[in-house]
Amino acid sequence: MSIAILLVNADRWAMARGALLAVTVLVMGAALLGLSGWFITATGLAGLAGIGIAFDVFRPSAGVRFLALGRAAARYGERLLTHDATLRALAALRVVLLRGFARSDARELSKLRGEGALTRIVSDVDALDGVVLRLILPLGAAILTHVLVFAVLGLIVGWSVAVVIAGLYLSFGLAILLRLGRRTVAPASEAETQGQHLRRGVIDMIRDREALIVAAVLKSKEDRLRQIDGAAREAARQLDRAERMSGFWMSLLIAGVAMSAFLMGAALLDAGSVGPAKAVIGLFVALALAEALLPLRRGVSELGRMSGAAARISNLLPRIDQTENRYGQVDAPLLSLRLPGGEREFRAGETVALTGPSGVGKSMLLMQIAGLLPTSEVMVKGLRPDDYADDTLRGIVSMLPQRSSLIAGTVRDNLSLSGDFTDAEVWNALQTVVLADALIKRDGLDTKLGEGGAGLSGGQSRRLALARNLLKRSEILLLDEPTEGLDAETADAVIQGVRAALPDALIMATMHSGANHSVFKKTIELSA
């Protein structure tokens, strides 16, 4: 879906109101200067002719005041409504993105967990406000205003004046804007990219300042940030130079169009086609129409930034998942792993401990089995995890990662994320992970938790997340350090309870001391 179409269609009525007032402002500005020029010239000629006493000054002056006040009011309304339309469009875009994320599979969502990715998305959405505010609405208003002014000038003054003004502005104005766009796409994109690197780098340096000092690399980190800042500033300077040069050419164009309109009016006056007062209308209208072109410079100069943001956001918009829901081979082992010591197969009902020193890849292996990392060394029911649609894989494999995710709400809310369960099923799961007694002393399933499970200890939070996995009753349960933070007695009770609760499931857990638990009949030791 095109970003521009999505933004425009977000609220068509709001967009139409803003566009209508934008055109009204430009048309009233052109009418104001055109009427003022005619009025000044006509009153001057009447005074020279000695008939000033008989000249009607009231109606033209009233028209000037009406247009001046009306233009000011329309300008206020235009700013209000165009910004309102832009905010509505961005709000609609955010809703579409969030809906897409909500429907995305775990593999896609895992790519968005990093602060860099989230910062990038926020910055890209914010950058897209210029698509509506500085490009679509001003460009549409400028074109429509030129068409209306062309028709009115042709009827009042003469078609030659209208053709000169519209032709020069549309042709040369478009050429200047295209040249500006070509010169600013690269520096605008570079300035945005370097600005992102600079912000993340500064945040990382502040957060890790003590570690950088201890490692004696703070100076090199600062030097790197200065280089990034210099690159961002240089891109901004190139952008500024290109925009100022386009302003220079715009000024020459405005002067040239005004002079051409004046000369064409003089030619019509010399031919006797119009009077002196009408002959100067084209000059003033040409000056007024400059207001339609000048704001476009800002939008075109940011085209590189906006096009890059639009391309990245387009890649995040929801797409129809055409993945086939395959369920694997019936006679294939539940899980097959190609390990350095050879291929290992695992069947339902087995309990396997993964051991080995930190950093050897135990957690990574579990993530590969869960389909969160690409691999060709893992087969689930005869298929690679990537071959499954995500909802199908989640029905086969569930995983308790080291970082448990809990939401603000009740205990019931957190457990309901796995589906709809009866209170008896929920309490059985809590009893299995040795958490029921602690919650009974509080408000039971209605116990309130803060963001991230605040209100529970670290071990209790892990066990609540484990209970959520148990409720899914998947065929393969992956546990990454499930007993971390628990005393030996509680840890043993939890492991025994999980095995008893899922007698037919394949349970695989990373353990520092997996062999010490009697339920683990198999142990796989990974080495560096």
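Residues numbered from 1 in each chain as written. Predicted model: local features only at pLDDT ≥ 70, side-chain atom pairs only at ≥ 80, totals over all residues. Heavy atoms only, no water.

### Re the sheet that holds strand 3 (residues 351-355)
And step 1. Within the open sheet, the 5 strands sit side by side as 5-8-9-3-10. Their pairing is parallel. Each end of this open sheet is capped by a strand with a single partner; those strands are strand 5 (397-400) and strand 10 (522-525). Each strand axis lies, on average, 15° off the axis of its neighbour in the sheet, ignoring direction.
And step 2. With 4 bridges joining them, strand 3 and strand 9 (residues 506-510) adopt parallel strand pairing. Directly across from Val352, in strand 9, lies its bridge partner Met508.
And step 3. Packing of helix 19 (residues 458-472) onto the sheet brings it into contact with strand 5 and strand 8 (476-480), and relative to strand 5 it is tilted by some 175°. (Pairing = 2+ DSSP bridges. Helix = DSSP H or I, 4+ residues; strand = E, 2+ residues; numbered from the N terminus. Axes fitted to C-alpha atoms, helices over the stretch in contact; angles between N-to-C directions. Contact = heavy atoms within 4.5 Å.)

### With respect to the nonpolar core
And step 1. With 61 residues, the main nonpolar core has Ile3, Leu7, Leu93, Leu128, Leu153, Ile165 and Tyr169 as its most contacted residues.
And step 2. Once residues lying within four places of it in the same chain are set aside, the contact partners of Leu128 are Ile3, Leu7, Leu90, Leu93, Met306, Ala309, Ala310 and Ile313.
And step 3. Listed in part, the 34 residues of the second largest apolar core include Leu406, Leu415, Ala429 and Val494. (Core = buried A, V, L, I, M, F, W, Y, C linked by side-chain atoms within 4.5 Å. Buried < 20%, exposed > 50% of the residue type's maximum accessible area, 1.4 Å probe, protein only.)

### As for the packing of aromatic side chains
And step 1. Overall, the coordinates contain 2 aromatic pairs when judged by the stated rule.
And step 2. Residues Phe150 and Trp159 carry aromatic rings whose centres are separated by 5.5 Å and whose planes lie at 55° to one another, so their mutual orientation is tilted.
And step 3. Owing to a relative accessible area of 29%, Phe150 belongs among the partly exposed residues under this scheme.
And step 4. On the basis of relative accessibility, which here comes to 44%, the residue Trp159 falls in the partly exposed class. (Phe/Tyr/Trp six-rings, centres within 6.5 Å; stacked < 30°, edge-to-face > 60°.)

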